[in-house]
Each structure stands twice: as structure tokens, then as C-alpha cells.
Amino acid sequence: MTDTTPPLPEKARAAEGPWATAWRRLKRDRAALAALAVLLVILAACLAAPLYATYVSGTNPFATNLNGTITVDGKSRDVLEASTEGLGLGLTPIGPTWQLGPYMLGADNQGRDVAARLLYGGRNSLFIAGAAAVLCLVVATFVGVVAGFFGGLVDTVLSRILDVLWAFPIFLLAISLSIVLISQPLLIGPFEIRSGSLALPIVIIGVVYIPYVARPIRNHVITLMKSEFVTAAVGLGASPWRILWVDILPNVVTRIIVFVPLMLALNMIIESALSFLSIGVQPPDASWGTIIQDGQGLLYSRPAVALAPGIAIAVTVLALNIFGDGVRDALDPKSTVRIG
Amino acid sequence: MTATPLLRATELSKTYRVGRALLPARRRAVQAVSEVSLEVMPGETLGIVGESGCGKSSLGRCLMKLQDITSGTLEFEGRDITRASAARMRPLRREMQMVFQDPAASLNPRRRVGDLLSDPFRIHAACDRAEIPDRVAALLRRVDLLPEHAMRFPHEFSGGQKQRIGIARALALRPKLVVADEPVSALDVSIQAQIVNLLADLREELGLTYVFIAHDLSVVRQISNRVAVMYLGSVVETGPVDRVFSAPRHPYTAALRSAVPVPKLDVPRPARTILSGDLPSPLNPPPGCRFHTRCPRATALCRAERPALLPDGQGGALACHHPLEA
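Bear in mind that the values here come from a model prediction, so they are computed numbers and not experimental data.

**Some details on the environment of Pro50 of chain A**
Then comes step 1: Residue position: Pro50 of chain A is located in helix 3 (residues 49–57).
Then comes step 2: The spacing of Pro50 of chain A and Val203 of chain A is 153 residues in sequence and 26 Å in space, taken between C-alpha atoms.

Laid out in C-alpha cells, this is it:
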């Protein structure tokens, strides 16, 4: 064969990389884009919480208001009104005014502005979910890749440790961890985690899901190690580090990215549940879970207090799941990643 | 022959453990390659043929040290590399390369062809970094692809083109030995001839030595000087390719050859030898000659004693108690 082969008619184009392909697929997925828009709105609203508190509600999320009055539709009303229901005993907080201003979503039983607390609580909920996801993914990726890449004894030891973590029901593990951590400050290097710190739910949530993420990553790495292109790299004389860096990690990264939105959704739910059980965010800090707990006693008279954070959680988690499915379909159409 | 063989395998065996029984007594093993001895002289092409499951690919991977060798020895240019560590093998990889069966699986789907082809140069620091793009372009041209293809990803190519990329990568550093493991069996028949011709051209040009593994006798016949016929992990007959295929002496070789379709109606066909039964499980190979369960000439001797691979006096070797007449 010589160089006389006529050149094929060639379209002058740079080949589209896998990332560009994924981005193109994601842009076509309207449900995922809509979900992303919802998420960005929620995120922006929560980030703007101090603006809302200063300029709209004129209060902060911690200010109680047991004896105050506000003016609604020209009439003056107590924030905590004498109950008119049942025996007429006790106080009922004011319900939603549905007007931009103080107590748009009503007050809780300490006279705090629910709308302001909802936005501040959203900040905490989102921050905890995000930080826990980062913690979990970093540790799980490291463990999964090391176990899968080195195999043998390393894999056996790491996998058994993961099994032990896995064997605990998540909430039991989370509750025990939090009780230990609340009673005794945890020292990790220069960081000290004391009870009441936001780091507490972050560590708890981050840790309990490590096996659920590390295991699929380990399995994926093992599959890749057996693939023919890794054998080919060995045959070319590539060093193990080169194989890890060039052939394994780039193929694992997509799998990790697929996990992110799904992890966030899951973490939101766990965070709310832990906070509802008083072992997550500690009062007076708010999170969507603690607000639900605050609203529990007012469920009949003022359902808005519990419903507002409940709806916020439902919408956020739904949007995260839809967006996560879109990301998965775009990046890794063949995978069936699932957590929990 | 006085020259040192490029590659010499002596009683090479590869055993895979099956299952994970804790008790040694319950452990089972498949002997995929059973005491294979062969030599590859510089410049020659040794074909290895046999039906699927006979251990051809396992043998190929053992010869490349891509899997551990259970027993026996393997020498490359007179150096014993049977137990060489992965680190010690790395510099030697420059001299011995492999072309894989499935070109799609052997190319990392997330890397551009240019990156895949610059690997050999980078790994072995074979040239200045600045020179790499030119070397890659030259490689692509040599396998009848275009330098522009370096920017593409493997999935944008046809099977034949992917195999050209695999061949380019294997030959980038002009190795002495190339083991081609069924390099054309995943391709369309029309493409197969092109790839075999490309391999043959490159052999002339670069003075390569091939171990060419295939199940297609006509492909092996086209490219090989010498051939080794494998059955159930063992070599049963070796010799010059024309002699082995025109006058096979082992009954298995004869049966294999008679299974090749003859695309001419007016040529008298050789008598068809039809083997009955299946390939016995390598988990539980038959005693004696491994072929006796399907051999038309088997006798009590064959059932009792395994024939050794002995020189046949014509530059080949044969493992049979009752060979066909020469």
C-alpha cells in the first residue's frame, strides 16, 4: 500500500468531545432545564434571605415577637392572638397575610416570621446537603478508586469496612453518630465540631452514604481495569499511575458527576429528617426540617408553618431528581445509577 | 538453525482458578494453555490456529506477559522473562507489542486518536515532545488514515479504521515482535483482506516478526510461514504452513482443513472429515490424548497415554500416536 490512496472527502470539523456531546444532550432535555431553572430560583431566593429580612419582612429569623401587633388591611392585629378555637385558651400565631411584608406566611408560636425563617432555613438545608455531598463524594471516590485499582487485600479490607457502615440502618447510624457528637465535641485535626455546629449534620450525612457511592465506583473501576483498553495500556508499557490517570479516572468522573444531583436530593431529605428529630440543625438556627417541627403543634390551626418548608423540600427534591436524571441521560446513557 | 529465537516458550501452561472454594480439595481449575512449547525465529510469522476455546488467546496474552504464566518458561531474545515483574517488563514492551481482537474495546473511548497514538512515544520517551504530532501524523498516513483524524474519537471510525489505529499504535515504536490476537475476526470479510495486506506490508517494511492468532485458516495461510495447530490448550501439530495445510498429519488438522469451504464448484473437494461431539470441557480434560474423544483413529493407546510433541523430521512437530501418512 502506498500513499496514492485518494483522500476521503473530509468535513473540516473538530471532533466533538464527550463533554460537548453530553452538554448538547442536556440542552435538548427540556424537563432537566426547567428543573435546573427551578433550582436556581430556589438557590437565589435562599441566598437573598438577608435582603428579604431587611427590606420586606423587616425582621430577622431569630426575633421573637410575643406581644407585638401588626397592621393588616388597615386593622391592627396581635401577632399572637388569643385562641378563638376550642376552649379559647392559649395563643394562636397570626396566619399568612399573603402580602409582601411582615408575616407573609404567618408567624410561628414564638412570633417569628415564617417566611424569613423559611429562606434562612433553606440556606442551611442547601448548604448542609451540598457540603455533605462533597464530603461523601470525595471520600467515597477515594475509597472506591483505591479499592478497585489496587484490588486484593486493599480491596478486601476497604470493602469490609464499607460493609460495616452499610449494615447499619441509615437513621440508626445517623442518630447514634449525632448523639455521640452532640455529647462530645469531635476533633478532626484543627477542626472542632461541637454540638449545634452545622458541621455536625454535614459529617453525619456525608458519612452514612459513603458506602452507597463508594461501592458502585469500586465496581466501575474493577470493570475498567479488566477492559481491553487497560490491557492495551499495560501492553504499551504504561505505568500504573499513568493508567489510573489516563484510563481510569476520566472514565470514573462522569459516574461521579451523575451522583451529585441525586446525592443532593437524598441529603436534603435526610437533613430534614434529622433536623425534625432535633439531631440535625440545632435551635435557634433554622432549617426546613426544624421549621416543620415548629409547625407540628400548629398543624390544625396554622398549617402554613409546616406546609411551607414541606413544599419547599418537595419541590427542591423533585427538581433535583429530574435534573439528575437529565444529567445521567446526558453523560452516561447506559447507566442505571441509583442510591439508597 | 543457529540463530536465537526471538521468542521461545517451553512447556508453557496457564491455569485459571474457577470459583472461590476455600478448601483446596474443592478448588477447580481450567487449564487454558497446557505445556505449549514453541519458538518464533526473527523475521518469520507463526500462525496459531484452533477452534474457539482452545486457548489461542490465552497463549497470546501469556506470550505478551499480559497475564501470569502458571508454569513453564518464556524467553525473549534469550532472556528469561517468565517471572519478570510488571516494572521490569515495561522497558521490554517497546520490543513486543500486541494487536487486539476487538479494536473498539482496545481504544479508550474518551481519548482522541492523536492522544492514543502519542502514548507509545510518551510512555517510552521515544522522541521530543515537540516531534510527537509529526510522528502521529506519519503513523496515521502509514496505515492509510489522514493526519486530520488525530482530532477525532475512536467511535467516529469504522471497525476496519479502528483496527488500523490499533495497528498504528502497536507499530509506533517499531517493535521486534507483534502478537496479533485475531486481528481481523471482528471485521467484515471485505475489510479483512485489507488489514491482512497492511500487516504484511508493514512486516516487509519494518522487518517485523508476527505471532498471528486466528481461527480462519485461509487468513493464517495468507500471512504465515509456519503454523501451530492448537487443540484444547495444547499444540498438536506445527510445521511450514503449506505442508501442514496441504498434507496434514494430525487427524485434527485434517479435520480442520476439510472444514474450510472451497469456493469453486468444479474442483474436486477433499473428503470431509466431520468430527462428532463437542470440544471437551477444559475443566475436565480427557485423559491420554486430548483429542481421542473425537478422533476417528483413536485406539486404546490414545486413551491411556498422552502423545508428546516430537519433531517430524520435516521442520515441524507432531503430537499423535497414529499420524496420517505424509
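**Thoughts on the pairing of strand 7 (residues 177–181) of chain B**
Residues and elements named next belong to chain B.
Then comes step 1: The buried count for strand 7 comes to 5 of 5 residues, which makes it a mostly enclosed element.
Then comes step 2: Neither face of strand 7 is open: one carries Leu177, Val179 and Asp181, the other Val178 and Ala180, and all of them are buried.
Then comes step 3: The pairing of strand 6 (residues 96–99) with strand 7 spans 4 bridges and is parallel. Bridge pairing in strand 7 links Met96 to Leu177.
Then comes step 4: In terms of strand pairing, strand 7 meets strand 8 (residues 209–214) through 5 bridges, oriented parallel. The residue of strand 8 that forms the bridge with Ala180 is Phe212.
Then comes step 5: Tracing the backbone out of strand 7, into helix 6 (residues 189–206) and back to the parallel element strand 8 gives a crossover that is right-handed.

**Quick notes on the confidence of the model for chain A**
Interpreting fine coordinate detail is not advised for predicted regions of low pLDDT.
Then comes step 1: For chain A, the mean per-residue pLDDT works out to 83, and 87% of the residues sit at or above 70.
Then comes step 2: Below a pLDDT of 50 lies the segment residues 7–12 of chain A, which in the model reaches 4 contacts outside its immediate sequence neighbourhood of four places, other chains included.

**Remarks on the packing of helix 10 (residues 240–276) of chain A against helix 12 (residues 304–331) of chain A**
Residues and elements named next belong to chain A.
Then comes step 1: Relative to each other, helix 10 and helix 12 sit at 170 degrees, their axes nearing to 9 Å. With respect to helix 12, the element helix 10 is oriented roughly antiparallel. Our pair here, helix 10 against helix 12, has a crossing hand that is left-handed. When helix 10 is examined against helix 12, the residues Thr254, Ile257, Val258, Pro261, Leu262, Leu264, Ala265, Met268, Ile269 and Ser272 are found in contact with a partner set consisting of Ile313, Thr316, Val317, Leu320, Asn321, Phe323, Gly324, Val327, Arg328 and Leu331.
Then comes step 2: Here the contact of helix 10 with helix 12 is built from residues that sort into 14 nonpolar, 5 polar and 1 charged.

**Quick notes on the interface of chain B and chain A**
Then comes step 1: With 30 residues of chain B in contact, the opposing surface of chain A contributes 24 residues.
Then comes step 2: Only strand 6, helix 3 (113–123) and helix 6 of chain B provide two or more residues apiece to the side of chain B that touches chain A.
Then comes step 3: Residue classes in the side of chain B that touches chain A are distributed as 12 nonpolar, 5 polar and 13 charged.

**Let's talk about the nonpolar core**
Then comes step 1: Formed by 173 residues in total, the largest nonpolar core has its most connected members in Val213 of chain A together with Val229 of chain B.
Then comes step 2: It is helix 4 (residues 114–150) of chain A that contributes the most residues to this core, 18 residues altogether.

**As for the sheet that holds strand 5 (residues 79–80) of chain B**
Each strand in a sheet pairs with its neighbour through backbone hydrogen bonds, running either in the same direction (parallel) or in the opposite one (antiparallel).
All names here are of chain B.
Then comes step 1: Spatially, 4 strands are ordered 2-1-4-5 in an open sheet, and the strand pairing comes out antiparallel. The strands lining the two open edges of the sheet, one partner per strand, are strand 2 (28–40) and strand 5.
Then comes step 2: Direction of pairing for strand 4 (residues 71–76) relative to strand 5: antiparallel, over a ladder of 2 bridges. The residue of strand 5 that forms the bridge with Glu75 is Asp80.

**Describing unusual backbone geometry**
Residue and element names in this part refer to chain B.
Then comes step 1: Positive phi outside glycine occurs at Glu11, with the angle close to 45 degrees.
Then comes step 2: For Glu11, the position within the fold is in strand 1 (residues 7–18).
Then comes step 3: For Glu11, a count of 12 C-beta atoms within 10 Å gives the class exposed.
Then comes step 4: Its identity as a non-glycine residue notwithstanding, Glu77 has a phi of 50 degrees, on the positive side.
Then comes step 5: As for its position among the elements, Glu77 is in the loop between strand 4 and strand 5.
Then comes step 6: The exposure class of Glu77 is partly exposed, given the 16 C-beta atoms found within 10 Å.

**Focus: helix 3 of chain B**
Then comes step 1: When helix 3 of chain B is considered as a whole, its buried residues turn out to be Val113, Leu116, Leu117, Ser118, Asp119, Pro120 and Ile123 of chain B.
Then comes step 2: Buried residues belonging to helix 3 of chain B abut helix 9 (228–236) and helix 10 of chain A together with helix 4 (132–142) and helix 5 (159–171) of chain B.
Then comes step 3: Backbone geometry just downstream of helix 3 of chain B places Ala125 of chain B in the positive-phi region, at approximately 45 degrees.

**Let's talk about the confidence of the model for chain B**
Then comes step 1: With 97% of its residues at a pLDDT of at least 70, chain B reaches an overall mean of 89.
Then comes step 2: Interface confidence in the predicted complex, given as ipTM, is 0.89; pTM for the same model is 0.84.

**Quick look at the packing of helix 5 of chain B against helix 6 of chain B**
Residue and element names in this part refer to chain B.
Then comes step 1: Between helix 5 and helix 6, whose axes approach to 10 Å, the crossing angle comes to 15 degrees. Between helix 5 and helix 6, the angle falls in the class roughly parallel. By crossing handedness, the relation of helix 5 to helix 6 is classed as right-handed. Where helix 5 approaches helix 6, its residues Gly159, Gly160, Gln163, Arg164, Ile167 and Leu171 are matched on the opposing element by Ile191, Gln194, Ile195, Leu198, Leu199, Leu202 and Leu206.

The rules behind each value
Residues numbered from 1 in each chain as written. Chains lettered and ligands numbered in written order. Predicted model: local features only at pLDDT ≥ 70, side-chain atom pairs only at ≥ 80, totals over all residues. Helix = DSSP H or I, 4+ residues; strand = E, 2+ residues; numbered from the N terminus. Buried ≥ 20, exposed ≤ 12 C-beta atoms within 10 Å, placed from the backbone. Pairing = 2+ DSSP bridges. Right-handed = clockwise from strand over helix to strand, strands pointing away. pLDDT = per-residue confidence, 0-100. Contact = placed C-beta atoms within 7 Å. Axes fitted to C-alpha atoms, helices over the stretch in contact; angles between N-to-C directions. Parallel < 35°, antiparallel > 145°, perpendicular 65-115°, else oblique. Left-handed = near helix turned anticlockwise from the far one by under 90°. Nonpolar A, V, L, I, M, F, W, Y, C, P; charged D, E, K, R; others polar. Core = buried A, V, L, I, M, F, W, Y, C linked by C-beta atoms within 7 Å.

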